[in-house]
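# Chains, contacts and geometry: an overview
Residue-level listing of the chains:
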Amino acid sequence: ALNKPVRFDAVKTGRDDVALLGFTSGTTGEPKATMHFHRDLLMVADGYAKEVLKVSPDDVFFGSSPLAFTFGLGVAIFPLRFGATSTLLENASPPEMIKIIETYKATICFTVPTAYRAMMAAMDKGADLSSLRLAVSADETLPTPVFESWTRKTGKPILDGIGATELLHIFISNRLDDSVAGSTGYPVSGYQARIVDDNMNELPDGTPGKLA
């Protein structure tokens, strides 16, 4: 309406005030709302995007995961934190993804291994993905053949990572200078990880267990 003010006072918030609610996938029951604080948003940006991805204002982010998923949300949060650019998709089909990369010269891609397979097939048909400086793979395990093929075909790194809505974003990741096929890497700053048994006792190295 025309009679509404054009200026407003920002709500005063503290670091431990809730900034967003992320809903879990419902794998183990009904989806649940997870609360994340203002400090959490800065922590994942500085701990993952800055430390692992080495984001700069020149980067152009792009991803196929919906912004309502916390993996996809990084495509929005990280550019805001570092003055970079984000390109948003209406349609996450592989042809549309390739068109976005070619048109906007995307430098960082967030998607799943299946999409990286499709992108490599498109490269064989002449698609130009040379603007990408790195690829981030999450949401499912990154198979060794995809890791090796992407690295060989593009000459650029592909970083596997594991994240969870409950923990906001990727909390274990490979690094640009330390990326191994078949490995998810090690914890991002701000997180600790242990392998435990059913009673939460830490297990020796090499023993299968649950990730805490």
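Throughout what follows, the structure given in this document is the object of discussion. This structure is a prediction, so every number in the text was calculated from the model and none was measured. (Residues numbered from 1 in each chain as written. Predicted model: local features only at pLDDT ≥ 70, side-chain atom pairs only at ≥ 80, totals over all residues. Heavy atoms only, no water.)

### Re the sheet that holds strand 4 (residues 85-87)
If you trace the seven strands from one edge of the open sheet to the other, you get 4-3-5-6-7-8-9, paired in mixed fashion. Strand pairing shows two members of the sheet lacking a second neighbour, strand 4 and strand 9 (186-187), which therefore form its edges. With three bridges joining them, strand 6 (residues 134-137) and strand 7 (residues 158-163) adopt parallel strand pairing. Residue pairing for strand 7: Ser137 is matched across the bridge by Asp160. Where helix 2 (residues 70-82) meets the sheet, its contacts fall on strand 3 (60-63), strand 4, strand 5 (108-111), strand 6 and strand 8 (170-173), and the angle it forms with strand 3 comes to roughly 165 degrees. The sheet contacts of helix 4 (residues 113-124) involve strand 5, strand 6 and strand 7, and relative to strand 5 the element is tilted by about 125 degrees. (Pairing = 2+ DSSP bridges. Helix = DSSP H or I, 4+ residues; strand = E, 2+ residues; numbered from the N terminus. Contact = heavy atoms within 4.5 Å. Axes fitted to C-alpha atoms, helices over the stretch in contact; angles between N-to-C directions.)

### Notes on the layout of surface pockets
Of the volumes computed, that of the largest pocket is approximately 670 Å³. As for the largest pocket, its lining consists of 31 residues, of which Ser25, Asp139, Gly163, Ala164 and Thr165 are closest to the centre. Elements with a contribution of two residues or more to the lining of the largest pocket: strand 1 (18-23), helix 2 and strand 7. Broken down by element, the lining of the largest pocket gets its largest block of residues, four residues, from strand 7. Class assignment of the residues belonging to the lining of the largest pocket gives a composition of ten nonpolar, 15 polar and six charged. One number sums up the size of the second largest pocket: a volume of about 150 Å³. The wall of the second largest pocket is formed by 13 residues, among which Gly63, Ser65, Pro66, Leu88 and Leu89 lie closest to the centre. Looking at the lining of the second largest pocket residue by residue, the class counts come to six nonpolar, six polar and one charged. (1 Å grid on protein atoms, 1.4 Å probe; cavity = no way out; pocket = protein on both sides within 12 Å on 5 of 7 lines; lining within 4 Å. Points joined across faces, edges and corners; volume = space filled by probe spheres on them. Nonpolar A, V, L, I, M, F, W, Y, C, P; charged D, E, K, R; others polar.)

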